[in-house]
Amino acid sequence: AEQEPEVEEELKKIREEHLKIQLTLSLHATNQRTRDIIIPHMKGYDINKIVESVLSYSERHNRKVTIAYLLIPGLNDKATDVRQLGRWFREKNVLINLLQYNDTANCNINRPNKQQLVAFKLRLEAAGLEVKMRSSLRPKARAAARQPAR
């Protein structure tokens, strides 16, 4: 059976290419245990090596990378998360894209309210990070997005 290529190896290959791409890492956590909970299919991929590879790409090509961070209150919004994000990304060519979870009927993830999102954004900015906040779709837009194309 053919083995899947390691994510770190693929990122190293991309680093050497001279493509003008916008690289986005779906990080969503600052430690391996939490990332394995949020993104279970990425278990086994070392979070520190992934971050290191993405930063290496950014430095090599002098391109801003985006870090997608889905805020889940009580899981990835602690002071330790802010400190780790600051250690990794302060003074780097990085944009943190802070995301709000969209409610679904079959999931019991705590969805942050606007105040929690804004408070976390301000904490990240105080840690020296560039942050963009992306709100989820409004209920009418979300309903329209689920409608099949005709």
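Residues numbered from 1 in each chain as written. Predicted model: local features only at pLDDT ≥ 70, side-chain atom pairs only at ≥ 80, totals over all residues. Heavy atoms only, no water.

> Report on the pairing of strand E3 (residues 94-100), specifying residues and quantitative values.
For E3, a buried count of seven out of seven residues is recorded, marking the element as mostly surrounded by other parts of the structure. Side chains Val94, Ile96, Leu98 and Gln100 project from E3 onto one buried face, and the interleaved Leu95, Asn97 and Leu99 project onto a second face that is buried too. Where strand E2 (residues 65-71) meets E3, seven bridges bridge the pair, whose relative direction is parallel. Bridging from a neighbouring strand, Val65 pairs with Val94 of E3. Between the parallel elements E2 and E3, the chain passes through helix H4 (residues 79-89) in a crossover that is right-handed. (Buried < 20%, exposed > 50% of the residue type's maximum accessible area, 1.4 Å probe, protein only. Helix = DSSP H or I, 4+ residues; strand = E, 2+ residues; numbered from the N terminus. Pairing = 2+ DSSP bridges. Right-handed = clockwise from strand over helix to strand, strands pointing away.)

> Please provide a residue-by-residue account of the confidence of the model for the protein chain, values included.
Model confidence for the protein chain is summarised by a mean pLDDT of 84, while 77% of its residues fall at 70 or above. Mean pLDDT values over the elements of the protein chain span from 47, in helix H6 (residues 139-146), up to 98, in H4. Of the regions scoring below 50 in pLDDT, residues 140-150 engages in six contacts with residues more than four places distant in sequence or in other chains. (pLDDT = per-residue confidence, 0-100. Contact = heavy atoms within 4.5 Å.)

> Please provide a residue-by-residue account of the packing of aromatic side chains, values included.
Counted by the stated rule, this structure contains two aromatic pairs. Plain terms: the ring middles of Trp88 and Phe89 are 5.8 Å apart, the flat faces sit at 55° to each other, and that makes the pair tilted. (Phe/Tyr/Trp six-rings, centres within 6.5 Å; stacked < 30°, edge-to-face > 60°.)

> Before we move on, can you summarise the pairing of E2 with the specific residues and values?
Among the seven residues that make up E2, seven are buried, leaving the element largely enclosed by the rest of the structure. On E2, burial covers both faces: Val65, Ile67, Tyr69 and Leu71 on one face and Thr66, Ala68 and Leu70 on the other are all buried. Both strand E1 (residues 24-26) and E2 contribute to a ladder of three bridges, which runs parallel. Its bridge partner lying in E2, Thr24 is registered against Thr66.

> Give me the lowdown on the environment of Trp88, citing residues and values where you can.
Position of Trp88 relative to the elements: it lies in helix H4. C-alpha separation for the pair Trp88 and Asn48, spaced 40 residues apart in sequence, amounts to 9.2 Å.

> Which residues make up unusual backbone geometry, and what values go with them?
Of note in this structure, His28 is not a glycine but carries a positive phi near 65°. Assignment of secondary structure puts His28 in the loop between E1 and helix H2 (32-38). On the basis of relative accessibility, which here comes to 10%, the residue His28 falls in the buried class. Backbone geometry at Asn62 places phi at a positive 50°, although glycine is not the residue there. Here Asn62 is to be found in the loop between helix H3 (47-61) and E2. Under the relative-accessibility criterion, Asn62 is labelled exposed at 65%.

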